[in-house]
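# Chain and residue survey
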Amino acid sequence: MGVDGSEASLEALRRANDLAGALNAQVEAIGCWDYPRMYDGYMVAGIEGFKEGAEKVLNDAVKNAFGSDAPVNLKVSLLRGDPRSLLIKASENADLLVVGRRGHGRLSGMLIGSVSSSCIAHAKCPVMVAHAPEEEDN
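Residues numbered from 1 in each chain as written. Predicted model: local features only at pLDDT ≥ 70, side-chain atom pairs only at ≥ 80, totals over all residues. Heavy atoms only, no water.

### Observations regarding the side chain of Ser 118
With respect to the helices, strands and loops of the structure, Ser 118 is situated in helix α5 (residues 114-122). For Ser 118, a relative accessible area of 18% translates into the label buried. Apart from residues lying up to four places away in sequence, Ser 118 is in contact with Arg 84, Ile 88 and Ala 123. (Helix = DSSP H or I, 4+ residues; strand = E, 2+ residues; numbered from the N terminus. Buried < 20%, exposed > 50% of the residue type's maximum accessible area, 1.4 Å probe, protein only. Contact = heavy atoms within 4.5 Å.)

Below you can see the structure in the form of structure tokens.
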């Protein structure tokens, strides 16, 4: 399952763990990172820390989802590359791919994101899309 630190990905992580616990299965939380694409292959000086930043987001997401006691059936993986391609590749050896749907407002909240759409269209296993919990009005 893909983890990017968003509320939707945290919900997806929790739901994947709930299902895995009931089925005595393993959960793999996958964080993806890459260097930004540069025009004509030129790299700009002073851009580093992408891997470390993604690793922090992934580790913080696991901590936010489960607290200090991560489930024993959880494997955390940080992979370099495009999230769509990496998650679809991971689906080849998975029983279920769980992704979060990130909404950005009322209208766009009705739409599904490009990563989740790609996974739904191309995954080699069933895909479950988790939505971020809605905030209750007080």
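And the narrative resumes.
### Re the pattern of salt bridges
Per the counting criterion, the structure on display carries 7 salt bridges. Taking the shortest distance from any N to any O, the salt bridge between Arg 14 and Glu 11 comes out at 3.7 Å. A residue pair is termed a helical-turn pair when its members lie 3 or 4 positions apart in one helix, as Arg 14 and Glu 11 do in helix α1 (residues 7-23) at 3 residues. Judged by its relative accessible area of 26%, Arg 14 is partly exposed. A relative accessible area of 14% places Glu 11 in the buried class. Here Arg 80 ties to Asp 34 by a salt bridge, and the two come within 2.9 Å at their closest N and O atoms. Separated by 46 residues along the polypeptide, Arg 80 in strand β2 (residues 74-80) and Asp 34 in the loop between β1 (27-33) and α2 (50-66) bring together distant segments of the chain. A cluster of three or more residues bridged by salt bridges with shared partners is formed by Glu 11, Arg 14 and Arg 15. (Salt bridge = Lys/Arg side-chain N within 4 Å of Asp/Glu carboxyl O.)

### Topic: the packing of helix α3 (residues 83-90) against α5
Here α3 crosses α5 at 35 degrees, and the two axes come no closer than 9 Å. Relative to α5, the crossing made by α3 is right-handed. Facing α3, whose interface residues are Pro 83, Arg 84, Leu 87 and Ile 88, α5 presents Ser 114, Val 115, Ser 118, Cys 119 and His 122. By residue class, the composition of the contact of α3 with α5 is 5 nonpolar, 3 polar and 1 charged. (Axes fitted to C-alpha atoms, helices over the stretch in contact; angles between N-to-C directions. Left-handed = near helix turned anticlockwise from the far one by under 90°. Nonpolar A, V, L, I, M, F, W, Y, C, P; charged D, E, K, R; others polar.)

### So, the pairing of β1
Counting buried positions along β1 yields 5 of 7 residues, so the element is predominantly enclosed. Across 7 bridges, the pairing between β1 and β2 is parallel. Each bridged residue has a counterpart across the sheet, and for Ile 30 the counterpart in β2 is Ser 77. (Pairing = 2+ DSSP bridges.)

### Some points on the nonpolar core
Here is a general trend for soluble globular proteins: nonpolar side chains tend to be buried in one another's company. Core analysis: the largest hydrophobic core is formed by 17 residues, its most contacted members being Met 1, Val 3, Leu 13, Val 27, Ala 29, Phe 66 and Leu 74. Residue contacts for Leu 13: discarding those within four places in its chain leaves Met 1, Val 3, Val 27, Ala 29, Ala 61, Val 62, Ala 65, Phe 66 and Leu 74. Counting 7 residues, the second-largest nonpolar core is a separate cluster that includes Leu 87, Leu 97, Cys 119 and Cys 125. (Core = buried A, V, L, I, M, F, W, Y, C linked by side-chain atoms within 4.5 Å.)

### A word on the packing of aromatic side chains
Summed over all chains, the structure comprises 2 aromatic pairs. On the numbers, 5.1 Å between centres and 80 degrees between planes, the contact of Trp 33 with Tyr 35 is edge-to-face. Its relative accessible area of 10% is what places Trp 33 among the buried residues. Taking the relative accessible area as the measure of exposure, Tyr 35 reaches 33% and is therefore partly exposed. Plain terms: the ring middles of Tyr 35 and Phe 50 are 6.0 Å apart, the flat faces sit at 85 degrees to each other, and that makes the pair edge-to-face. Here Tyr 35 is found in the loop between β1 and α2, whereas its partner Phe 50 is found in helix α2, with 15 residues between them in sequence. Phe 50 gets classed as partly exposed once you look at its relative accessible area, which sits at 31%. (Phe/Tyr/Trp six-rings, centres within 6.5 Å; stacked < 30°, edge-to-face > 60°.)

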